[in-house]
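Below, each chain spelled out in residue letters.
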Amino acid sequence: MPGTTTEKLVANINYACGSGLADCRAIQEGGPCYSTDIIKVANYAMNVYYYSAGHEDFNCYFDGSGRIVMRAAYILNEANWILHEASWIA
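Residues numbered from 1 in each chain as written. Predicted model: local features only at pLDDT ≥ 70, side-chain atom pairs only at ≥ 80, totals over all residues. Heavy atoms only, no water.

As annotated in an unreviewed UniProt entry, the chain is X8 domain-containing protein from Zingiber officinale.

In structure tokens:
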């Protein structure tokens, strides 16, 4: 979220990666998603946690600093899949 402090992002990373649900090896030094950009690292950790925890809205709260932004793309993909399946039936 805009305005989230570095300290809060670090807390989110620690929470997500320390939960036992999120596999954060990719953002560790030497990993394929390693970055010194705290926003990118927090984004990765929070997303992995969200999906690992069951991708429910409450799994993305992070004390008010998380937000789901890809729901429309998911719905569009579902609609495209339904259209594709319908074309096989027709």
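Read on, since the account is not over.
Trainee: Would you explain the side chain of S35 in this entry?
Mentor: Relative to the helices and strands, S35 resides in the loop between α1 (6-18) and α2 (38-52). A polar contact of 2.9 Å, which involves the side chain of S35, links it to the backbone nitrogen of D37. (Helix = DSSP H or I, 4+ residues; strand = E, 2+ residues; numbered from the N terminus. Polar contact = N/O pair within 3.5 Å; in protein donor to acceptor, adjacent residues only side chain to side chain.)

Trainee: Explanation requested: the state of the cysteines in the structure shown.
Mentor: Disulfides are covalent bonds that connect the sulfur atoms of two cysteines. By the definition in use, this model includes 1 disulfide. The disulfide partner of C17 is C24, and the gap between their sulfur atoms is 2.1 Å. Its S-S torsion of approximately -90° makes the covalent link between C17 and C24 left-handed. By relative accessible area, C17 is classed as partly exposed at 27%. Residue classification places C24 among the buried residues on the basis of a relative accessible area of 7%. (Disulfide = S-S within 2.5 Å. Buried < 20%, exposed > 50% of the residue type's maximum accessible area, 1.4 Å probe, protein only.)

Trainee: Teacher, can you tell me more about α2 here?
Mentor: Counting along an α-helix, one turn takes 3.6 residues, and residues three or four places apart therefore face a common direction. The end-to-end C-alpha distance of α2 is 21 Å, a good match for the 21 Å that 15 residues give at a rise of 1.5 Å each. All buried positions along α2 are accounted for by V41, A42, A45, M46, V48, Y49 and Y50. Its side-chain oxygen placed 2.9 Å from the backbone nitrogen of I39, D37 serves as the N-cap of α2. (Expected span 1.5 Å × (residues − 1).)

Trainee: Would you mind going over α1 with me for this structure?
Mentor: Between its first and last C-alpha, α1 extends 18 Å over 13 residues, near the 18 Å set by a 1.5 Å rise per residue. When we look at burial in α1, the residues that qualify are L9, N12, I13 and A16. Buried residues of α1, seen end-on, are gathered within an arc of 100° and therefore sit on one face of the element. Turned more than 90 degrees away from the buried face of α1 sit E7, N14 and G18, all of them exposed. Its buried side turned inward, α1 meets α2. (Arc of directions from axis to C-beta. Contact = heavy atoms within 4.5 Å.)

Trainee: Help me understand the packing of aromatic side chains, please; the structure alone is not making it clear to me.
Mentor: Each pair of aromatic rings is reported with the distance of its centres and the angle of its planes. Inspection of every chain in the model, using the stated rule, returns 2 aromatic pairs. Aromatic pair Y50 and Y51: ring centres 4.9 Å apart, planes at 75°, arrangement edge-to-face. (Phe/Tyr/Trp six-rings, centres within 6.5 Å; stacked < 30°, edge-to-face > 60°.)

Trainee: I'm lost on the environment of D63 in this one. Help?
Mentor: Residue position: D63 is located in the loop between α2 and α3 (71-89). It is 9.1 Å that separates the C-alpha atoms of D63 and K8, two residues lying 55 residues apart in sequence.

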